[in-house]
Amino acid sequence: MADINPLLPVSSSDGSSNLTGQATCRRPIKVVVSIFFGLLTLGLFAALLIRNNGPVDYVDVHENERGSLASTAFEKAENLKPVSRGPAAGVSEKSNWAFGGDLPDYPWNNSMLSWQRTAFHFQPEKNWMNDPNGPLFYKGWYHFFYQYNPNAPVWGDIVWGHAVSKDLIHWLHLPLAMVADQWYDKNGVWTGSATILHDGKIVMLYTGSTTEGVQVQNLAYPADQYDPLLVHWVKYPRNPVLVPPPGIGPNDFRDPTTAWLTSEGKWRITIGSKINKTGIALVYDTKDFINYEMLDGLLHAVPGTGMWECVDFFPVSETENNGLETSINGHGIKHVVKASLDDDRHDYYAIGTYNDRNGTWIPDRPNIDVGIGLRYDYGIYYAAKTFYDQNKKRRVLWGWIGESDSEAADVKKGWASVQSIPRTILFDKKTGTHLLQWPVEEIDSLRLKGKEFNQVRIQAGSVVPLDIDSATQLDIIAEFKIDSDALDKATGSSDASFDCVTSGGAAERGALGPFGLLVLADERLSEQTPVYFYMTKGSDGNLKTFFCNDQSRSSKASDVDKHIYGSLVPVLRGENLSIRILVDHSIIESFGQGGRTVITSRVYPTKAIHGAAKVFLFNNATELNVTASLKTWQMNSAFIQPYPNL
C-alpha cells in the first residue's frame, strides 16, 4: 500500500496536466534576460579565447625541472558522432555508430556471438539497455535502475529496469520499476535520479516524454518505503512537476540530478538543456519536490558545447580519501560538474567552486571547462551518474557502455549494451586538476588463479608472450620502468605533435613508444588490442605521456568500430607508469596512472576468443628498453539472475 504522505507537506496546486503550467520563477522576465545576456557575454569571451589561443582539449600536468607543476594546452581532436535513430524525438537515442552504410554484415556464427556476452559486467538477460538511473543504497541493498527496451535489442519503448545487489557485483533482476503508461511519459520513461530525504524516504525525479513528445519532469516514490527491495513504485498523481521554462525548447529539458540541500534548508536540483549551441544547467529549488522555483541564473553554461544531457553535480574532498554526501560544502571542498554532450556522445567534467547562495559554479581552469576539457573516459562510455554510498562512505560512478558493432549483429545476439564496472571517484590531490577513477574494491572478490611476472625486460622492437591459461576474463595490474638513459638522450622531434586518436596506433614507432600490453590477441597476432603508453619529448625537453587503446587490428570483422582511443595522462616526477586492465570478453576497461585517464573499448574478435585469446607484452619504441612487472588474475563470473519467486 502506498504511503499516503510520501513527501513533505503536499502542495495545494490544482494538479492540472496542462503543459502551460510552470514552476514558480523568481522574476521570470529577469530570468530570460539574465540568461540571454549571460550567454552573450560567455559567447564573446569564448570567441576571443578561441581566436587568441585556438580550441583546447585539456591541460597536460607534469613536473618541470624545478619540481613544480607546469601545464601545456593542446588542440581538441575532432570527434566522431554516431547517427541518431530519430532526431525528432529530441533525445539522443543512443543508436550504434555508423559505418558508412555500404559495409556488408560480417557472417558472425553462434560461437563468436555467444562469446561476446560479458561475465562480470552488469547487463539484462536480453534486449537493449542504456543510461544508468537512480542508483542508491537502501536498507542493505544496492539498487540500480536503467533505461531498458523490454521488446528488442535496439533503442525504443524505453522503460526502467531494476536490479539489486549486496556488493555491486552480483545482481538480482527485479520486475520493471516504471513503465510508459501515463500521458506524461507515454513516449519514454527517460533518465532520472534518486534522493534520500532526512527521514530516510526516497523520491525519484525522472524525465518523461509526453504523448506530444515534450520533455517534462516527473515525481515517483516507493509504494512501500519499508520494502528493502523497493519493488513497487507510485507516480505522483499530479505529474508533471516541471515543464520546459520560457526560452527552452520542448525537446531540450531532461535528466534531473540527485537533489542537494542548500544553506537555507531547501532542496536543489539541476537539469540539462541548451540555448542555441550553448550547453546549460538550469537550477531549481524546492521544499517538497512538488513545487519548484527556478533560480535567476544558471549553474553553468559553456558556449559551443550543445545540449547537456545527464548533468551530474557532486562535491569532492581536497584532503580526505573518501567520498562525500551530495549536500556537503565548505572549506576543503571542490565541486564537480559533469555533462554528457549530445553532439559527440562523450562525458566531460570539470572541477571548480560552487556558490551556494546564488546556485552558480565556476571552473578552476576555464581552458578545461565542461565540454572542452577532461573526460571521464576516452573510449565508449556515456550518460554516467554518481551516487553517494553511505554504506562505505564513497562516491560511486556508473556509466553506460554502448555497442560499436553493427545493429544487425545486435539483433542476431539478442542484446545490446552493458554497464561499466562501478568505479569509486576521488579528487586527485597530486595533480589538482583530475579525478581518479578506480574499480570498486568488491571486484577483487572475483579473482581466481593469479600469476606474477617480475622484472620482464622488453627490448625495443620486441613482443613477449605471457603464460596465461585463459585470457578472456582477466584483471591485470602492470607497472613499467623506463630506461632513464634513453630518456636523457632522446631529443625533441616531430613526435611532440603525437595524438592517440590521429596516430597510426601501436604500429607507429617513435623513439619513446609505444609500449604496453596486447590483450585479446591470437597466437599469430592477426587480431590484437594494444593498451599502451607513448612518450614524446619536445624541443624544450619536456616529456608528455599518452595513454592509448588501438582497435585497428582488434577484429577481422568488417562491421565493427576500429578507431584508436586515448589522451594525455599526467605523470609526476618519480612515478612509474602503471596500468590496470579489466578484460571481460568484448569489454576492455583500462585505467592509466591510478585512474587519471581511463579508456573503455568494445572489441569483437573472430579468432582471439575462447581458448585462443592470449596476452603479450610489447615494446615498439626504437630507442627505449622497458622493464615490466605484472600481476594477473583469472576472473570468476558474477551471479546475475532473476530474483527468486518474483
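Cut-off values and rules
- Residues numbered from 1 in each chain as written.
- Predicted model: local features only at pLDDT ≥ 70, side-chain atom pairs only at ≥ 80, totals over all residues.
- Heavy atoms only, no water.
- Helix = DSSP H or I, 4+ residues; strand = E, 2+ residues; numbered from the N terminus.
- Buried < 20%, exposed > 50% of the residue type's maximum accessible area, 1.4 Å probe, protein only.
- Contact = heavy atoms within 4.5 Å.
- Areas by Shrake-Rupley, 256 points an atom, 1.4 Å probe, with all protein chains shown as cover.
- Salt bridge = Lys/Arg side-chain N within 4 Å of Asp/Glu carboxyl O.
- Core = buried A, V, L, I, M, F, W, Y, C linked by side-chain atoms within 4.5 Å.
- Pairing = 2+ DSSP bridges.
- Axes fitted to C-alpha atoms, helices over the stretch in contact; angles between N-to-C directions.
- Phe/Tyr/Trp six-rings, centres within 6.5 Å; stacked < 30°, edge-to-face > 60°.
- Lys NZ or Arg CZ within 6 Å of the ring centre and 35° of its normal.
- Disulfide = S-S within 2.5 Å.
- pLDDT = per-residue confidence, 0-100.

### Considering the overall build of the chain
Here is step 1: Within the chain, the secondary structure is distributed over four helices and 40 strands.
Here is step 2: Out of the 646 residues in the chain, the part that is buried amounts to 61%.
Here is step 3: Counting only contacts in the chain whose residues sit at least 6 apart along the sequence, the fraction spanning at least 24 positions is 66%.
Here is step 4: Of the accessible surface of the chain, which amounts to about 24200 Å², a share of 52% is contributed by carbon and sulfur atoms.

### Considering the pattern of salt bridges
Here is step 1: One pass over the full model with this rule turns up 32 salt bridges.
Here is step 2: Linking Glu575 and Lys430 is a salt bridge whose minimum nitrogen-to-oxygen distance equals 4.0 Å. Separated by 145 residues along the polypeptide, Glu575 in the loop between β34 (564-568) and β35 (577-584) and Lys430 in the loop between β26 (423-427) and β27 (435-439) bring together distant segments of the chain.
Here is step 3: Looking at Lys430, the relative accessible area reads 56%, which means it is exposed.

### Here's the deal with the nonpolar core
Here is step 1: One finds Phe480 and Leu517 to be the most contacted residues of the largest nonpolar core, which totals 71 residues.
Here is step 2: With five residues, the single largest contributor to this core is strand β31 (residues 512-521).
Here is step 3: For Phe480, the residues in contact, after removing those within four places along its chain, are Phe515, Gly516, Leu517, Phe533, Asn576, Leu577, Ile579, Leu617, Val626, Thr627 and Ala628.
Here is step 4: Judged by nonpolar contacts, the second largest core, of 27 residues, contains Phe387, Ile421, Leu446 and Phe591.

### Some thoughts on the side chain of Asn133
Here is step 1: Residue placement: Asn133 occurs in strand β4 (residues 127-138).
Here is step 2: Take Asn133: its relative accessible area is 0%, and that puts it in the buried class.
Here is step 3: For Asn133, the residues in contact, after removing those within four places along its chain, are Phe144, Phe145, Tyr146, Gln147, Trp160, Thr191, Gly192 and Lys385.

### Considering the sheet that holds β31
Here is step 1: Pairing within the open sheet is antiparallel, and its six strands lie in the order β29-β38-β31-β32-β33-β34. The open sheet has two free edges, formed respectively by β29 (462-465) and β34, since each of these has just one partner strand. Neighbouring strand axes in the sheet, compared pairwise and without regard to direction, differ in orientation by 15° on average.
Here is step 2: Relative to strand β38 (residues 614-619), β29 is paired through four bridges, and the arrangement is antiparallel.

### Things to note about the sheet that holds strand β11 (residues 233-235)
Here is step 1: Read from one edge of the open sheet, four strands run β8-β9-β10-β11, paired in antiparallel fashion. Edge positions in the open sheet fall to β8 (189-196) and β11, since each of these has one partner strand only. Strand-to-strand twist of the sheet, defined as the mean angle between neighbouring strand axes without regard to direction, takes the value 30°.
Here is step 2: Sheet topology note: the strand β10 (residues 215-222)/β11 ladder contains three bridges and is antiparallel. Opposite Ala220, over in β11, you have Lys235 as the bridge partner.

### Some thoughts on the packing of aromatic side chains
Here is step 1: One pass over the full model with this rule turns up 32 aromatic pairs.
Here is step 2: Between Tyr142 and Phe387 the ring centres are 6.4 Å apart and the planes differ by 70°, which places this aromatic pair in the edge-to-face class. Residue Tyr142 is found in strand β5 (residues 141-149), and its partner Phe387 is found in strand β22 (residues 382-389); the two are separated by 245 residues along the sequence. Accessibility assignment for this pair places Tyr142 and Phe387 in one class, buried.
Here is step 3: The interplanar angle of 20° and the centroid separation of 5.9 Å between the aromatic rings of Phe144 and Tyr146 together place this pair among those described as stacked. In this pair, the class of Phe144 matches that of Tyr146, namely buried.
Here is step 4: The ring of Trp415 is capped by Arg117, whose NZ or CZ atom sits 5.7 Å from the centre of that ring.

### What about the pairing of strand β33 (residues 543-550)?
Here is step 1: Within β33, seven of the eight residues are buried, leaving the element largely enclosed by the surrounding structure.
Here is step 2: Pairing of strand β32 (residues 529-537) with β33 involves seven bridges; the strand directions are antiparallel. Among the inter-strand pairings, Lys537 is bridged to a residue of β33, identified as Leu543.
Here is step 3: Where β33 meets β34, five bridges bridge the pair, whose relative direction is antiparallel. By the bridge assignment for β34, Phe547 is matched with Ser567.

### Quick word on the state of the cysteines
Here is step 1: Counted according to the given criterion, the structure contains one disulfide.
Here is step 2: Linked covalently through their sulfurs, Cys500 and Cys548 form a disulfide whose S-S length is 2.0 Å. Measuring handedness by torsion sign, the sulfur bridge of Cys500 and Cys548 sits at about -60° and is left-handed. With a gap of 48 residues between them, Cys500 in the loop between α4 (484-489) and β31 and Cys548 in strand β33 connect regions that are remote in the sequence. Cys548 shares its class with Cys500; the two are buried.

### Thoughts on the confidence of the model for the chain
Here is step 1: Taken over all residues, the pLDDT of the chain has a mean of 87, while the share at 70 or more is 83%.
Here is step 2: Here residues 10-17 is modelled with pLDDT under 50, and outside its nearest four sequence neighbours on either side it reaches ten contacts, counting other chains as well.
Here is step 3: A low-confidence stretch, residues 90-94 (pLDDT under 50), is modelled with 28 contacts involving residues beyond four sequence positions or located in other chains.

### So, the pairing of strand β39 (residues 626-635)
Here is step 1: The buried fraction of β39 amounts to eight of the ten residues, a majority that puts the element mostly inside the structure.
Here is step 2: In this sheet, β39 lies alongside strand β28 (residues 447-458) in antiparallel orientation, the contact comprising eight bridges. In the strand pairing of β39, Ile458 is matched with Val626.
Here is step 3: For strand β30 (residues 473-482) and β39, the ladder comprises nine bridges, and the chain directions are antiparallel. Looking across to β39, one finds that Glu479 is bridged to Ser629.

### Looking at the environment of Ala220
Here is step 1: Relative to the helices and strands, Ala220 is located in strand β10.
Here is step 2: Here Ala220 falls in the buried class, since its relative accessible area comes to 0%.
Here is step 3: Counting along the chain gives 15 residues from Ala220 to Leu205, while the straight-line C-alpha distance between them is 6.4 Å.
Here is step 4: Discounting residues that sit within four places of it in the chain, Ala220 has contacts with Met178, Val203, Met204, Tyr206, Trp233, Val234, Lys235 and Tyr236.

### Quick notes on unusual backbone geometry
Here is step 1: Note that the residue after Asn239, namely Pro240, is joined by a cis bond; omega there is 0°.
Here is step 2: Inspection of the secondary structure assignment puts Pro240 in the loop between β11 and β12 (260-261).
Here is step 3: Cis geometry marks the peptide bond from Gly513 to Pro514; its omega dihedral reads 10°.
Here is step 4: Locating Pro514 in the fold gives a position in strand β31.

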